[in-house]
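Residue-level structural notes
Each chain, letter by letter, is given below.
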Amino acid sequence: MTDPEAKPLLAPAKVNLALHVTGRRDDGYHLLDSLVVFADIGDRVQVTPAGERSLTVSGPRAAGVPTDESNLCLKAARFAGTPVAIHLEKHLPSEAGIGGGSSDAAAVLRGIAALGTPIPEGTEQLGADVPVCLTPRAARMQGVGEHVSPVTTLPPLPALLVNPGRPVATPAVFKQLEKRDNPDMGPLPERLSDPEEAALYLSSLRNDLEGPAMALEPAIGAALSALGALPLCLLARMSGSGASCFALFPTQEAARTAGRMLSAAHPDWWVCDTVLS
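On a predicted model such as this, the values are computed, not experimentally measured, just so you know.

The buried fraction of strand 7 (residues 157-163) is high, at 7 of 7 residues. As paired strands, strand 7 and strand 10 (residues 270-276) are joined by 7 bridges and run antiparallel to one another. Its bridge partner lying in strand 10, P158 is registered against V275. The pairing of strand 7 with strand 9 (residues 245-248) spans 4 bridges and is antiparallel. Following the sheet pairing, V162 is matched in strand 9 by C245.

Ranked by size, the top nonpolar core spans 57 residues in total, and within it I86, V108, L160 and L262 carry the most contacts. With residues up to four places along the chain from it excluded, the contact list for V108 reads V45, V47, C73, A76, A77 and I86. With 29 residues, the next largest nonpolar core counts L35, V37, A199 and C272 among its residues.

Quick look at helix 1 (residues 72-80) now. Residue pairs spaced three or four apart in an α-helix point in one direction, given the helix's 3.6 residues per turn. Burial in helix 1 covers these residues: L72, C73, L74, A76, A77 and A80. Where helix 1 is buried, its residues meet strand 3 (54-58), strand 4 (84-89) and helix 2 (100-114). Where helix 1 begins, the side chain of N71 points an oxygen toward the backbone nitrogen of C73, at a separation of 2.8 Å. Looking one or two places after helix 1, you find G81, whose phi comes out positive at around 70°.

The step from G242 to A243 runs through a cis peptide bond, and the omega angle for that step is 10°. In this structure, A243 sits in the loop between strand 8 (235-238) and strand 9. One non-glycine residue, E95, lies in positive phi territory at about 45°. Residue position: E95 is located in the loop between strand 4 and helix 2. One non-glycine residue, L232, lies in positive phi territory at about 70°. Mapping L232 onto the fold places it in the loop between helix 7 (219-228) and strand 8. The class of L232 is exposed, set by a relative accessible area of 55%.

The rules we used
- Residues numbered from 1 in each chain as written.
- Predicted model: local features only at pLDDT ≥ 70, side-chain atom pairs only at ≥ 80, totals over all residues.
- Heavy atoms only, no water.
- Buried < 20%, exposed > 50% of the residue type's maximum accessible area, 1.4 Å probe, protein only.
- Helix = DSSP H or I, 4+ residues; strand = E, 2+ residues; numbered from the N terminus.
- Pairing = 2+ DSSP bridges.
- Core = buried A, V, L, I, M, F, W, Y, C linked by side-chain atoms within 4.5 Å.
- Contact = heavy atoms within 4.5 Å.
- Polar contact = N/O pair within 3.5 Å; in protein donor to acceptor, adjacent residues only side chain to side chain.

Don't take any of this as a statement about function, it's just geometry.
Below, the structure is given as structure tokens:
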């Protein structure tokens, strides 16, 4: 049992505003250059001291989440060498390109650190997104995920997150890549003053995994088309390796209104308005 007094940690959704694949190492790992932000919604993780590692899962997205050693939460606890009881309240869709498992694992490591065990080096071994999720705020992620630099370029971005309910396996998406040595993002601008300016800049960047993922799962193209057709949408793009997509809007009210329209048109999709930062 976890301690009911233990404060749950937010494991926020991670969104890749841009993701450039810039190379591949001899060991097969891909080199990335990505602009990452985090939503104000996500899973919740409780971590309490225990005699042995354990994991329980609840929440609206708990179905199908493994509770054995294949779960990244337990892998994180094993990586830290600390026996803890973990409770995961699952709200984000799995295999969705918004870092759910990595953000959960990072929250476990943060929880263990709060209990007095420092976070070990090399967390990218758990997954490329884990290091950037350890400090969930806007950042540039490079290398195989181990190089994380804070970013102060961006204003808060009202957004809509959408998942069409079709899980996409990241290895399969990377396998579809035809070109693996693409240009990086280059120098970031010093300051983008509002969502409109940010969207204009982001339109000059890309997600190199979007095309390969769409080839594997046509529902991604349908989601992007639906987002792009919403009133006041500034930019629509896939996040990570998919299938989740995001759209940016000038205001939170515009994002909420668009979310209601999209949910009415596609009641089977996961749709969530948020602010990315």
